[in-house]
Amino acid sequence: MDTQQFLTAIQSSNPDERFAAWRAAGEVSPTVIPQLGKLAASQNPGIAKAAIEALTTMTHSVGKDPKSPNRAAVTRGLLDLSSQANALSVRIHALRLVSSIAAEDSVAVVAKEIHNPDLREEVVYCLDRIPGNASVQALINAYKDAADDFKPRILAALGHRGAVAAASLCHDAMRSPNKDIAIAAAKAFARIGSKPATPPAFPSEAGLSEWQKIERMDSMLRYADAQAKAGNAAEALTIYKIALDRPQEHFQCAAIIGIGKLATPEATALLLPKLKSPLRNVRITAQKAWKGIASV
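A brief report on the enclosed structure follows.

Rules of the game
Starting afresh in each chain, residues are numbered from 1 along the sequence in its written order. Owing to the predicted nature of the model, reporting of local features is limited to residues with pLDDT of at least 70; listing and counting of side-chain atom pairs is limited to 80 or more, with chain, interface and lining totals taken over all residues. The side-chain numbers reported here are obtained from all heavy atoms of the structure, hydrogens and water having been left aside. The way it works is that DSSP assigns letters per residue, a run of H or I at least four long becomes a helix, a run of E at least two long becomes a strand, and they are numbered from the N terminus. Computation of the radius of gyration draws on C-alpha atoms alone. For the globule rule, the value is 2.2 Å times the number of residues to the power 0.38. Only protein chains enter the accessibility calculation, which uses a 1.4 Å probe; a residue is then buried when its area is under 20% of its type maximum, exposed when over 50%, and partly exposed in between. Residues count as neighbours in contact if any of their non-hydrogen atoms are within 4.5 Å of one another. Classification of ring pairs uses Phe, Tyr and Trp, with its six-membered ring standing for Trp, and accepts pairs whose centres are within 6.5 Å; under 30 degrees between planes counts as stacked, over 60 as edge-to-face, and the remaining range as tilted. Look at NZ for Lys and CZ for Arg. If either is within 6 Å of the ring centre and within 35 degrees of the ring normal, a charge sits over the ring. Each salt bridge in this description consists of a side-chain nitrogen of Lys or Arg and a carboxyl oxygen of Asp or Glu lying within 4 Å of one another. Nonpolar cores are built from buried Ala, Val, Leu, Ile, Met, Phe, Trp, Tyr and Cys residues. Side-chain atoms within 4.5 Å join them into one set. Think of a 1 Å grid over just the protein atoms. A cavity is a set of points where a 1.4 Å probe fits yet cannot get out, a pocket is an open set with protein on both sides within 12 Å along at least five of seven lines, and lining residues have an atom within 4 Å of a point. Grid points are joined across faces, edges and corners, and a volume is the space filled by probe spheres set on the points. The definition of a polar contact used here is a pair of N or O atoms within 3.5 Å, where within protein one atom must be able to donate a hydrogen and the other to accept one, and adjacent residues in sequence count solely through side-chain atom pairs.

Comments concerning the overall build of the protein chain
- Counting secondary structure elements, the protein chain contains 17 helices and zero strands.
- Relative to its length of 296 residues, the protein chain is extended, with a C-alpha radius of gyration of 25 Å against a globular reference of 19 Å.
- Dimensions of the protein chain, computed from C-alpha atoms along their principal axes, come out at roughly 75 × 40 × 35 Å.
- In the protein chain, which comprises 296 residues, the share counted as buried stands at 48%.
- Pairs at least 24 apart in sequence give 59% of the contacts found in the protein chain among residues at least 6 apart.

Let's talk about the packing of aromatic side chains
- Applying the stated criterion across every chain, the model contains four aromatic pairs.
- An angle of 75 degrees between the planes, with centres 5.2 Å apart, marks the rings of Phe 19 and Trp 22 as edge-to-face. Here Phe 19 pairs with Trp 22, and both are found in helix H2 (residues 15-23), just three residues apart, close to one helical turn.
- Taking relative accessible area as the criterion, Phe 19 reaches 39% and is therefore assigned partly exposed.
- Plain terms: the ring middles of Phe 189 and Phe 202 are 5.9 Å apart, the flat faces sit at 75 degrees to each other, and that makes the pair edge-to-face. Taken as a pair, Phe 189 in helix H12 (residues 179-192) and Phe 202 in the loop between H12 and helix H13 (210-229) lie far apart in primary sequence, 13 residues in all. Of the two residues, Phe 189 and Phe 202, both sit in the buried class.
- Following the ring pairs from residue to residue traces out a cluster consisting of Phe 189, Phe 202 and Tyr 223.
- Above the plane of the ring of Tyr 125 lies Arg 96, whose end atom (NZ or CZ) is 4.0 Å from the centre.
- A cation over a ring is seen here: Lys 151 above Tyr 143, with NZ or CZ 5.1 Å from the ring centre.

Notes on the pattern of salt bridges
- Applying the stated criterion to the full structure yields 12 salt bridges.
- The closest approach of N and O atoms between Arg 153 and Glu 121, which form a salt bridge, is 3.0 Å. Highlighted residues: Arg 153 in helix H10 (residues 151-161) and Glu 121 in helix H8 (residues 120-129), separated in sequence by 32 residues.
- Two residues, Lys 151 and Asp 148, come together in a salt bridge whose shortest N-O distance is 3.6 Å.
- Each of Glu 205, Arg 216 and Arg 246 takes part in salt bridges that share partners, so that together they form one network.

Topic: the nonpolar core
- Counting 92 residues, the largest nonpolar core has Phe 6, Ile 10, Leu 36, Leu 127, Ile 154, Leu 155 and Tyr 240 as its most contacted members.
- The element contributing the most residues to this core is H12, with eight residues.
- Apart from residues lying up to four places away in sequence, Leu 36 is in contact with Phe 6, Leu 7, Ile 10, Ala 51, Ala 54, Leu 55 and Met 58.

Let's talk about the environment of Ala 21
- Inspection of the secondary structure puts Ala 21 in helix H2.
- With relative accessibility at 1%, the residue Ala 21 sits in the buried group.
- In sequence terms Ala 21 and Gln 11 are 10 residues apart; their C-alpha atoms lie 9.4 Å from each other.
- Beyond its immediate stretch of four places on either side in the chain, Ala 21 contacts Phe 6, Ala 9 and Ile 10.

Quick notes on helix H5 (residues 71-81)
- All of the buried residues in H5 are Arg 71, Val 74, Thr 75, Gly 77, Leu 78, Leu 79 and Leu 81.
- Those residues of H5 hidden inside the fold are in contact with helix H3 (33-39), helix H4 (45-63), helix H6 (88-98) and helix H7 (107-111).

Focus: the environment of Asp 225
- Considering the arrangement of structural elements, one finds Asp 225 in helix H13.
- Between the alpha carbons of Asp 225 and Ala 156 there is a distance of 19 Å; along the sequence they are 69 residues apart.

A look at the layout of surface pockets
- Computed from the structure, the largest pocket encloses a volume of approximately 160 Å³.
- Contributing to the lining of the largest pocket are Pro 152, Leu 155, Ala 156, Gly 159, His 160, Ile 183, Ala 184, Lys 187, Ala 188, Arg 191 and Glu 215.
- Going through the elements one at a time, H10 and H12 are the ones with two or more residues in the lining of the largest pocket.

Quick notes on the side chain of Glu 215
- Its place among the elements puts Glu 215 in helix H13.
- Judged by relative accessible area, Glu 215 falls into the buried class, the value being 15%.
- A polar contact is formed between the side chain of Glu 215 and the side chain of Lys 187, at a distance of 3.0 Å.
- With residues up to four places along the chain from it excluded, the contact list for Glu 215 reads Ile 183 and Lys 187.

Here it is as structure tokens:
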């Protein structure tokens, strides 16, 4: 199907013709992308649907093969659709699609709209999925000027990426007086798992909601697990001790499991009192951990 036949079919009054056209979009030249962008904003819902699905089909066709000869052209076309010249709904869809196929050379264009309230969520989602250091750095650079209500989203993306380059930013953000930012920073810092030069300053429990207190402790335990895996047993045990003193049995059990994996004399000493815990689940978890250490 040539481009003109394709575009005619996409706009057909016959839904079967429109469907056949969008299913075949992967075989059509990427030069039709600008026209598809205009049609995707059509007041005719059938035509708009067909154009959107055609863009999706075209993206998936090059996404399956990193060496596809059309991949770069499709990426450029979608980036162009994300510009201000297009309808907001089209820009959002283009960013979502380009997140599947973009490389580092697309980061600068994508990041331009990171402070746009209408697009910032899609921009961060896109940057989060683009591999390489450039996308991580773009997120880091955007953090300072981001609105407070969006800083947690950027921190979440950095944590999801396990961005070691953002460890110090997350560590500093844990001191924020804004509790939502502080907790988001703690979660990201824990996911990254890098040990800072000074002891980690997790947010104080003062002023936190009950759910935020749970997220705080979960983050501390995740960080402790990362330190244990990295061989920093003393750092991990410091946090495991805190969790063992909590009344919540799930925190105690999580700490016990971590302690059992360390299997050091210091870890064994911490585990011993929990063998007689009045909490059944804690006691059973401790017994299993003790047997695991004994079998090493």
